[in-house]
Amino acid sequence: MTTITRRLALASLSALALSASLTGGAFAQEKITLRMSTPASETDQRSVALAEVFGPAVAEFATYEPHYNGSLIAQGSELEAIASGDLEMSIASAQELATFFPEFSIFATGYVHQDAAHQVRVFNDPLMDPFKQKVEDELGVKLLSVMYLGRRHVNLRQSKEELTVMTPADLAGVNLRMPGSDAWQFLGKALGANPTPMSFTEVYTALSTGSVDGQDNPLPTVVDAKFYEVTKQIALTSHLVDLNYIAFSKEVWDKLTAEQQAAVQKAADDAAQSGREKQLAKEEDLVSFLKEQGLEIYEPDLKAFREHVQNEYVGSEFAASWPEGVLEKINALGN
């Protein structure tokens, strides 16, 4: 019995109950309910896109029922809930999928995805087919589309005149706050910095006192946490272009008619595109805002960073589960 089978065994009765309720081979007559659970808020761009684009697009045969802030299913349990028949949809991360399938860690690795458009090319490329198929076969979850979450950058106390970051060598000796897990700390070292684990709630004070030289986060976080008040520059390293997948119950999918399946797929793609466009626009707006606050914002040598970070990963324990040749295929789809 596999690990996934053991984790789902207790939920088998729920799955059977759902199967029994889906009579007739397709949802051709009655509307179905598509419950979507996410830890994100109602105003999150991903939540908004699904509510405003996906829901109306499937309204003819389905009722889209979103649940925010982990109010229906606890964060981290959504995929198991879909697999057991207790949920129809979620917004899943590559990190979450990697807990079931370690090879998915490649999609949560520094400098694998280059930008939002590259994410889409990778997701739609045949290289993703074995990944998607394994999730369907072993977890009963269909990955419909990829959603853009944002790019993480290096945000420093020093001015650009004091420290200009163009290559990883320029970050030598820089105490860069990074999340505390081994994977995050490894990424910090791969960037060339001295990664410093620290609670997020302590970062503002640490930046203001000089306990750390900088931190890494997407621009919306820099603004929301007011880090621009205690820093002087942002090097647009884009070292992690983060994503989520729209996850859908494979059992429910198989009960839909071909026309309904096509409608669900298009609705997911359109919602992902809408969210992507709005998130990118928000990032552009924030660049202007941060410049108005006096921060120097510039792009370093991304090729130098990408090559250095990827070389650090190759051969490490973090790359041990990656299928051979996949990284090269991903890179070939980039700029």
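Residues numbered from 1 in each chain as written. Predicted model: local features only at pLDDT ≥ 70, side-chain atom pairs only at ≥ 80, totals over all residues. Heavy atoms only, no water.

A look at the pairing of strand β4 (residues 141–156)
- With 14 of its 16 residues buried, β4 lies for the most part within the structure.
- In terms of strand pairing, β4 meets strand β7 (residues 214–217) through four bridges, oriented antiparallel. Note on β7: the bridge partner recorded for valine 154 is aspartate 216. (Buried < 20%, exposed > 50% of the residue type's maximum accessible area, 1.4 Å probe, protein only. Helix = DSSP H or I, 4+ residues; strand = E, 2+ residues; numbered from the N terminus. Pairing = 2+ DSSP bridges.)

A look at the nonpolar core
- With 56 residues, the main nonpolar core has Phe104, Phe107, Leu143 and Tyr245 as its most contacted residues.
- If we skip the residues at most four places from it in the chain, leucine 143 touches Leu97, Phe104, Phe123, Val135, Tyr245, Ile246 and Ala247.
- The next biggest cluster of nonpolar side chains, apart from the first, holds 25 residues, and it includes Leu34, Ile91, Val264 and Ala272. (Core = buried A, V, L, I, M, F, W, Y, C linked by side-chain atoms within 4.5 Å. Contact = heavy atoms within 4.5 Å.)

A word on the pattern of salt bridges
- Inspection of the entire model under this criterion finds 10 salt bridges.
- In this structure, arginine 35 and glutamate 88 form a salt bridge, with 2.7 Å as the shortest nitrogen-oxygen distance. One end of the pair, arginine 35, is in strand β1 (residues 32–37); the other, glutamate 88, is in the loop between α4 (78–83) and β3 (89–93), with 53 residues separating them in the sequence.
- The salt bridge partner of lysine 303 is glutamate 307, with a shortest N-O separation of 2.6 Å. One end of the pair, lysine 303, and the other, glutamate 307, are both in helix α13 (residues 302–313), four residues apart, so they sit about a helical turn from each other.
- Residue lysine 303 is classed as exposed on the basis of its relative accessible area, which comes to 52%.
- Judged by relative accessible area, which is 41%, glutamate 307 ranks as partly exposed. (Salt bridge = Lys/Arg side-chain N within 4 Å of Asp/Glu carboxyl O.)

Considerations on the pairing of β3
- Burial of β3 is extensive: five of the five residues sit out of reach of the surface.
- A two-sided burial pattern is seen for β3, the buried positions comprising Met89, Ile91 and Ser93 on one face and Ser90 and Ala92 on the other.
- Summarising the sheet, β1 and β3 pair through two bridges and their orientation is parallel. The residue bridging methionine 36 from the neighbouring strand is methionine 89, located in β3.
- Sheet analysis places β3 next to strand β8 (residues 233–249), joined by five bridges and oriented antiparallel.

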